Amino acid sequence: MKPKTIIEPFKIKSVEPIRFTTREEREKLLINAGYNPFMLHADDVLIDLLTDSGTSAMSSKQWSGIMDGDESYAGSKSFYRFEKAVNNLTGMKYIIPTHQGRAAEKILFFIVGGAGKYFPNNTHFDTTRANIEFTGAEANDLLTEIGKHPEKRANFKGNMDVEKLKDFIKEKGAENIPLCMLTITNNSGGGQPVSMSNIEEVKEVCKQNNIPLFLDSCRFAENAYFIKMREPGYQDKSVLEIAQEMFSYADGATMSAKKDALVNIGGFLALNDEELAMKCRNMLIVTEGFPTYGGLAGRDLEAVAQGLEEVVEEHYLQYRIKSVEYLGNRLVDAGVPIIEPPGGHAIYIDAKRFLPDVPPDKYPGQSIVCELYLEGGIRSVEIGSVMFGKYDKNRKLIPAMMELVRLAIPRRVYTQSHIDYLIEVIIEVFHNRKNLKGYKITYEAPILRHFTARFEPLG
Ligand SMILES: *Cc1c(COP(=O)(O)O)cnc(C)c1O
């Protein structure tokens, strides 16, 4: 028999109770939070889908690795285990541990960035963009056209537009492009994967122009699993082999271990160029720590090494990708508009189509986020004009390109019945969408306002 039911590929040894609240309690809690779920206490949330970053459940082997961690300042055995695991995956010679992804970015772009430099990517993640722009350089998104249409289905909506890359290099000059990046999967573009053939073509163009290719590899395992499922020629390869092939086209990689290394903190920078690696290590010593721990405890390195082995297991990835897909498909069946097809780590509700009568300056995404919390204790995040909106000279809102609500699924944390509950709540909110009239902002900080803004409901 070939079973149809995909089960969670783990047993649960330790549980963390969740606290139930009533709608009346949540109404008070949300008022106190200024209608901004970032300001809620996590304890008042039933199902927390704010992010998949650092929220993974670790395995019993990772926890025993934590106990086994070697806390020596220099030459820790946990570092050598970590180095071996990252080297086995990426094939890269120089492995530099950092405390998160953005620390790897900061070191890399501090060295290769600066005014007059350009960095193309499929879509830069916000910390990557910030670290590039902080040096005075420009961060440029060259996403394939279909990736910009939430309602259109395609297998690899995270691909880079190779023709645009060629034109971009001609226009800016190869000598002004210290490196080209590909973000796998494309987090800011809905968690959509990049195909192996796209990685290969981008590499070819880079090679002809002497530009190194870097992977922003936070979700490399989810990307590799999509390649196995969707790209001809990869069905019979293991996910590890596919991931190794992806990295074989790259000259370097940045990684947030808080995603596909299944840990709560950590990251790394992997490089092939010796001279660049020396410069990065020197910088690491100033900002993070000695090269064999780089801002992490020995036990964290141990947990990352173990996590990198577990994340490429196919039963894990099947459960992971299928449960996100199941959630997405059930919402589509009920008419709820989302970015299609479902991505690897999250479902993105398209708030513009969900609430067509609420214009961007009344923040349709924020309305849905608040209602999901009130209705079912679910915490999600607005990715739209609250997060990316700007003002023109007359303080009129310049809206974001899309109005989205992201439901990011933590790894190995929730089970099928949590997902079924979630579907029920979202569909209920969708049926009552006529009652949602939008929000206005009553307080905002000058930068990154979404974290601390306060709101009031309209109408
Ligand atoms: C999370 C993330 C980062 C930054 O990593 P942190 O560990 O949060 O600093 C960079 N790129 C992508 C694609 C990410 O998802």
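Residues numbered from 1 in each chain as written. Predicted model: local features only at pLDDT ≥ 70, side-chain atom pairs only at ≥ 80, totals over all residues. Heavy atoms only, no water.

## Here's the deal with the site of the ligand
- The environment of the ligand is made up of 14 residues, and the closest members are Arg102, Asp216, Arg219, Ser256 and Lys259.
- Within the contact set of the ligand, an oxygen atom lies 2.9 Å away from a backbone nitrogen or oxygen of glycine 101.
- One of the side-chain N or O atoms of serine 256 is found 2.7 Å from an oxygen atom in the ligand.
- Notes on the ligand: free accessible area 380 Å², of which the protein chains cover 98%.
- With three residues, helix 4 (residues 101-112) is the single largest residue contributor to the shell around the ligand.
- Taken together, the residues of the shell around the ligand break down into two nonpolar, six polar and six charged. (Near = heavy atom within 4 Å. Polar contact = N/O pair within 3.5 Å; in protein donor to acceptor, adjacent residues only side chain to side chain. Areas by Shrake-Rupley, 256 points an atom, 1.4 Å probe, with all protein chains shown as cover. Helix = DSSP H or I, 4+ residues; strand = E, 2+ residues; numbered from the N terminus. Nonpolar A, V, L, I, M, F, W, Y, C, P; charged D, E, K, R; others polar.)

## Considering the sheet that holds strand 14 (residues 404-408)
- An order of 9-14-11 is seen for the three strands of this open sheet, with the pairing classed as antiparallel. The open sheet terminates on both sides in strands that have one partner only, identified here as strand 9 (346-350) and strand 11 (381-383). Between one strand axis and the next, the sheet turns through 35° on average, direction left out of account.
- Pairing geometry for strand 11 and strand 14, over three bridges, is antiparallel. Bridging across to strand 14, valine 381 finds its partner in arginine 406. (Pairing = 2+ DSSP bridges. Axes fitted to C-alpha atoms, helices over the stretch in contact; angles between N-to-C directions.)

## Let's talk about the nonpolar core
- Ranked by size, the top nonpolar core spans 63 residues in total, and within it Val202, Phe220, Met246 and Leu308 carry the most contacts.
- Examining the composition of this core, we find that six residues originate from one element, helix 8 (residues 220-230), more than from any other.
- If you count residues domain by domain, this core takes at least three from each of domain 1 (23-52 + 313-457) and domain 2 (60-310).
- Grouped together as the second largest cluster of nonpolar side chains are 31 residues, Leu372, Leu422, Ile423 and Val425 included. (Core = buried A, V, L, I, M, F, W, Y, C linked by side-chain atoms within 4.5 Å. Buried < 20%, exposed > 50% of the residue type's maximum accessible area, 1.4 Å probe, protein only. Domains from an automatic or database assignment.)

## Describing the sheet that holds strand 2 (residues 94-98)
- Read from one edge of the open sheet, five strands run 2-8-7-6-5, paired in mixed fashion. The outermost strands of the open sheet, each flanked by one partner alone, are strand 2 and strand 5 (180-183). Mean inter-strand twist for the sheet, computed between neighbouring axes without regard to direction, equals 15°.
- As paired strands, strand 6 (residues 213-216) and strand 7 (residues 252-256) are joined by three bridges and run parallel to one another.

## Topic: the layout of surface pockets
- Its boundaries defined by the atoms lining it, the second largest pocket holds a volume of some 1,400 Å³.
- Forming the boundary of the second largest pocket are 38 residues, of which Ser14, Glu16, Ala57, Arg412 and Val413 lie nearest the centre.
- When residues of the lining of the second largest pocket are traced back to their parent elements, those giving at least two are strand 1 (47-48), helix 2 (60-68) and helix 12 (314-333).
- Classifying every residue of the lining of the second largest pocket by side-chain character gives 18 nonpolar, 10 polar and 10 charged.
- Lining the lining of the second largest pocket are residues from two domains, each supplying at least three of them: domain 1 (23-52 + 313-457) and domain 2 (60-310). (1 Å grid on protein atoms, 1.4 Å probe; cavity = no way out; pocket = protein on both sides within 12 Å on 5 of 7 lines; lining within 4 Å. Points joined across faces, edges and corners; volume = space filled by probe spheres on them.)

## Section: empty space enclosed by the protein
- Taken as a whole, this structure holds three cavities of 30 Å³ or more when the rule is applied.
- Considered as a void within the structure, the largest cavity measures approximately 70 Å³ in volume.
- Lining the largest cavity, in full, are Asn36, Pro37, Phe38, Gln366, Val369, Ser380, Val381, Glu382, Val386, Met387 and His450.
- For the lining of the largest cavity, the secondary structure elements donating two or more residues are helix 14 (364-376), strand 11 and helix 15 (385-388).
- The residue inventory of the lining of the largest cavity, partitioned by class, reads six nonpolar, four polar and one charged.
- Computed from the structure, the second largest cavity encloses a volume of approximately 50 Å³.
- The wall of the second largest cavity is formed by Glu8, Tyr319, Ser323, Ile409, Pro410, Tyr414, Thr415, Gln416 and Ile419.
- Secondary-structure elements contributing two or more residues to the lining of the second largest cavity are helix 12 and helix 16 (416-431).
- Its residues assigned to classes, the lining of the second largest cavity shows five nonpolar, three polar and one charged.

## Considering the side chain of asparagine 223
- Tracing the backbone shows asparagine 223 in helix 8.
- We classify asparagine 223 as buried; its relative accessible area is 0%.
- Among the polar contacts listed, one links the side chain of asparagine 223 to the backbone nitrogen of valine 194, at a separation of 2.8 Å.

## Considering the environment of threonine 183
- Checked against the element boundaries, threonine 183 lands in strand 5.
- Taking the relative accessible area as the measure of exposure, threonine 183 reaches 4% and is therefore buried.
- When the C-alpha positions of threonine 183 and arginine 411 are compared, they lie 19 Å apart, and in sequence the two are 228 residues distant.
- Threonine 183 has contacts with Asn121, Asn122, Thr123, Val194 and Asp216, leaving out every residue within four places of it along the chain. (Contact = heavy atoms within 4.5 Å.)

## Remarks on the domain arrangement of the protein chain
- Per the domain assignment, the segments of the protein chain are domain 1 (23-52 + 313-457) and domain 2 (60-310).
- The centre of domain 1, based on its C-alpha atoms, is set 27 Å off from the matching centre of domain 2.
- Across the boundary between the two partners, domain 1 contributes 24 residues, which contact 28 residues of domain 2.
- The tally of links between domain 1 and domain 2 comes to seven salt bridges.
- The partner of glutamate 222 in a salt bridge is arginine 411, and the shortest N-O contact between them spans 3.2 Å.
- Run the count over domain 1 and domain 2 and you get 16 residue pairs in polar contact (both at pLDDT 80 or more).
- Contributions of two or more residues to the side of domain 1 that touches domain 2 are made by helix 12 and strand 9. (Salt bridge = Lys/Arg side-chain N within 4 Å of Asp/Glu carboxyl O.)

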